[in-house]
Amino acid sequence: FIKELVNKSCVHRYDRILKEWEVSLIWSFTVSIFCIGGLLGSLMAGSLSSRFGRKHCLLLNNFLAIFGAILMLLSRTANSFEMIMVGRFLYGLNAGIGLSAQAMYLTESAPKRLRAMVGVTIATSLSFGKFLGQLLGIRELLGTEKNWHWLLGFNGFTALFQLCTLPLLPESPRYLLLEKGNVQASENAFRKLWGKNDYNKEVVEMLEEKAALQSVRSCSVLELIQNRTVRWQLLTIVIAFTALQLCGLNAVYFYSFEVFRAAGIQEQRLAYAALGTGLCEVSTSLACFMIIESIGRKVLLFRGYMGMAAALGLLSVTVYFQKTVWWMPYCSMVLVFLFISFFSSGPAATTVSLPGEILTQSFKSAGYTLGCTVNWTCLFVLGTVFPILVGNLGNFCFLIFLAVCLICGLHVKFNMPETKDRTALEISVEFERMHAKDKASEKKRASEIKVQETKL
């Protein structure tokens, strides 16, 4: 429908029918401009959330989605594909800022024992959003020539909902205490969020962190990169966010339609089969929500990437033989759903909130900015390179993504501590212990922590 609008607009304005490559070029730019907006948004997210606060940053961010939705809704009436481009760019800005700010707000507002569980809700919301988009896009709902612009503008309604409901919630207690130094406002926020539950232990732990870092201000991305004390946390964030996009999910979704066709699903029913993959992602994410606190983030990440690597290796074989062996397409279908399950219960559920878990308060904004910047950059590169990989390697492109999954899984296994029921300071000490060059450096770090405790 958008390609038809592009041709229709050019015929109406210039009395000229575009060639196929010209339409494809405009379409590719329209798709990729979302990633450009997301990249710019992620670069701004850290400074905006530190300046205005997590809550107010999210509130202001909703206006970007609303303005983008208005442009999407009016594009068909105005006969303008440029309005769709601008709307996609605003959507990208909104996603880039919102992903970082929302992750900070949720993880900072949650109790330590529920922090991982609350972090999973980000992945669950993303999965549900994709599933809802697939559902609304079928022909019986909004996937028609008459209603497609309503599908593009649907984001505006969700932004309007958040704009009306978020003012009922308080600002992040950690932000109020550690960055603004307002103990009373932080305690009020805790009371509003937690009710009658005891929050004194959380306040004490935050005061300990504040005392340990009292001479350290909120750091920029460049300062985070240059600081040698957090180099392993930095490397973990970069590897995890890179693998999140380069793990092969796009390749699996791309080949899933070919697998469904080979399994005998009719062309007009492929959209309903795709709904099954989206529903699998949502249901697995919900299951992960229930088990992450008992299993732990590190175990889920490691098992997720190892399971994805195994599924990709087997998929490269089954897709290759699915035209010669009659039962291979059914094996491929099982592997597609297994891969999505491993992805939803591992990387998708734990990666987005990872910087808030392993970095202390002074590095958190910069950590989220860096992680989300890596995420959007990899998404843009993948969108550019993936068609070339498929064209040259075919289904054997799975092997490249398999290598990425193995590298990230092994890094998590040997270089990342478990974060369950630990404060940011405790996790920093554990990183230092795991990667200490010798016993002397371990003792030096332990003495520094002891001095800080003595000061307290």
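Residues numbered from 1 in each chain as written. Predicted model: local features only at pLDDT ≥ 70, side-chain atom pairs only at ≥ 80, totals over all residues. Heavy atoms only, no water.

An unreviewed UniProt entry lists the chain under the name Major facilitator superfamily (MFS) profile domain-containing protein, from Ataeniobius toweri. Taken directly from UniProt, the Sequence similarities (unreviewed entry) text for the chain runs: "Belongs to the major facilitator superfamily. Sugar transporter (TC 2.A.1.1) family." (UniProt positions renumbered as here; feature names shortened; annotations may be inferred.)

Asks: Just give me the short version of the overall build of the chain, but keep the residues and values in it.
Replies: When helices and strands are counted, the chain shows 22 helices and 0 strands. Expected size for 456 residues packed as a compact globule is a radius of gyration near 23 Å; at 24 Å, the chain falls within 12% of this value. Projected onto its principal axes, the C-alpha coordinates of the chain cover approximately 75 × 50 × 40 Å. Going through the 456 residues of the chain one by one, you find that 50% of them count as buried. Between the mean site of the 44 positive side-chain charges and the mean site of the 31 negative ones, the chain shows a separation of 1 Å. (Helix = DSSP H or I, 4+ residues; strand = E, 2+ residues; numbered from the N terminus. Rg over C-alpha atoms; globule rule 2.2 N^0.38 Å. Buried < 20%, exposed > 50% of the residue type's maximum accessible area, 1.4 Å probe, protein only. Lys, Arg positive; Asp, Glu negative; His and termini not counted. Charge placed at Lys NZ, Arg CZ, Asp CG, Glu CD.)

Asks: With reference to specific residues and values, describe helix 12 (residues 231-246).
Replies: Think of an α-helix as turning once every 3.6 residues; residues three or four places apart then point the same way. Here helix 12 spans 22 Å end to end across 16 residues, near enough to the 22 Å set by a 1.5 Å rise per residue. Taken as a whole, helix 12 has its buried residues at Gln 233, Leu 234, Thr 236, Ile 237, Ile 239, Ala 240, Phe 241, Ala 243, Leu 244 and Gln 245. Looking at the residues trailing helix 12, positive phi occurs at Gly 248, about 105°. (Expected span 1.5 Å × (residues − 1).)

Asks: Now, about the nonpolar core: what can you tell me, with residues and values included?
Replies: With 60 residues, the main nonpolar core has Leu 224, Tyr 305, Leu 312, Phe 398 and Phe 401 as its most contacted residues. Looking at which element gives the most residues to this core, the answer is helix 19 (residues 361-393), with 9 residues. Contact partners of Leu 224, with chain neighbours within four places excluded, come to Val 230, Leu 234, Leu 359, Phe 363, Ala 366, Gly 367 and Leu 370. Judged by nonpolar contacts, the second largest core, of 14 residues, contains Ile 2, Val 23, Ile 26 and Ile 84. (Core = buried A, V, L, I, M, F, W, Y, C linked by side-chain atoms within 4.5 Å. Contact = heavy atoms within 4.5 Å.)

Asks: If you had to explain the packing of aromatic side chains to someone new, which residues and values would you point to?
Replies: One pair of aromatic rings is described through two measures. These are the centre distance and the angle between the planes. The full count for this structure, using the stated rule, is 7 aromatic pairs. Ring plane angle 35° and centroid distance 6.5 Å describe the contact between Phe 63 and Phe 67, whose orientation is recorded as tilted. In this pair, Phe 63 and Phe 67 both sit in helix 3 (residues 54-78), 4 residues apart, roughly one turn of the helix. In this structure Phe 63 comes out as partly exposed when scored by relative accessible area, which is 37%. We classify Phe 67 as partly exposed; its relative accessible area is 48%. Their ring planes at 40° and their centres at 6.5 Å tell us that Phe 386 and Phe 401 sit as a pair that is tilted. Taken as a pair, Phe 386 in helix 19 and Phe 401 in helix 20 (residues 398-415) lie far apart in primary sequence, 15 residues in all. As far as the burial class goes, Phe 386 and Phe 401 line up, both buried. (Phe/Tyr/Trp six-rings, centres within 6.5 Å; stacked < 30°, edge-to-face > 60°.)

Asks: Give me the lowdown on the side chain of Thr 277, citing residues and values where you can.
Replies: Relative to the helices and strands, Thr 277 resides in helix 14 (residues 270-295). In contact with Thr 277, other than residues within four places in its own chain, are Gln 134, Tyr 253, Phe 260, Val 336, Phe 337 and Ile 340.

Asks: Which residues make up unusual backbone geometry, and what are the values?
Replies: Positive phi outside glycine occurs at Asn 79, with the angle close to 55°. When you line up the elements, Asn 79 lands in the loop between helix 3 and helix 4 (81-109). On the basis of relative accessibility, which here comes to 14%, the residue Asn 79 falls in the buried class.

Asks: Tell me about the side chain of Ser 42, residues and numbers included.
Replies: Assignment of secondary structure puts Ser 42 in helix 2 (residues 20-52). Relative accessible area serves as the criterion here: at 0%, Ser 42 is assigned to the buried category. Here Leu 39 takes part through its backbone oxygen, which lies 2.7 Å from a polar atom of the side chain of Ser 42. Setting aside residues up to four positions removed in sequence, Ser 42 forms contacts with Gly 96, Ile 97, Thr 369, Cys 372, Thr 373 and Trp 376. (Polar contact = N/O pair within 3.5 Å; in protein donor to acceptor, adjacent residues only side chain to side chain.)

Asks: Describe in detail helix 1 (residues 2-14), supporting the description with residues and values.
Replies: Compared with the 18 Å implied by 1.5 Å per residue over 13 residues, the 18 Å span of helix 1 between its first and last C-alpha is a close match. Looking one or two residues past helix 1, Asp 15 carries a phi angle of roughly 55°, positive in sign.

Asks: Which residues make up the pattern of salt bridges, and what values go with them?
Replies: Applying the stated criterion across every chain, the model contains 4 salt bridges. Between Lys 130 and Glu 281 there is a salt bridge, with its nearest N and O atoms 2.8 Å apart. Taken together, the residues Lys 130 in helix 5 (residues 115-136) and Glu 281 in helix 14 connect sequence positions 151 residues apart. The salt bridge involving Arg 297 is made with Glu 357; its shortest N-O contact spans 3.0 Å. One end of the pair, Arg 297, is in helix 15 (residues 297-321); the other, Glu 357, is in helix 18 (residues 354-358), with 60 residues separating them in the sequence. With respect to class, Arg 297 is no different from Glu 357; both count as buried. (Salt bridge = Lys/Arg side-chain N within 4 Å of Asp/Glu carboxyl O.)

Asks: With reference to specific residues and values, describe the confidence of the model for the chain.
Replies: Counting all residues, the mean pLDDT for the chain is 83, and 94% of those residues have values of 70 or more. At the low end of the mean pLDDT range in the chain sits helix 22 (residues 439-455), at 48; at the high end sits helix 7 (residues 155-165), at 93. Low confidence marks residues 438-442, where pLDDT is under 50. Its contacts with residues over four positions away, or in another chain, come to 3 contacts. (pLDDT = per-residue confidence, 0-100.)

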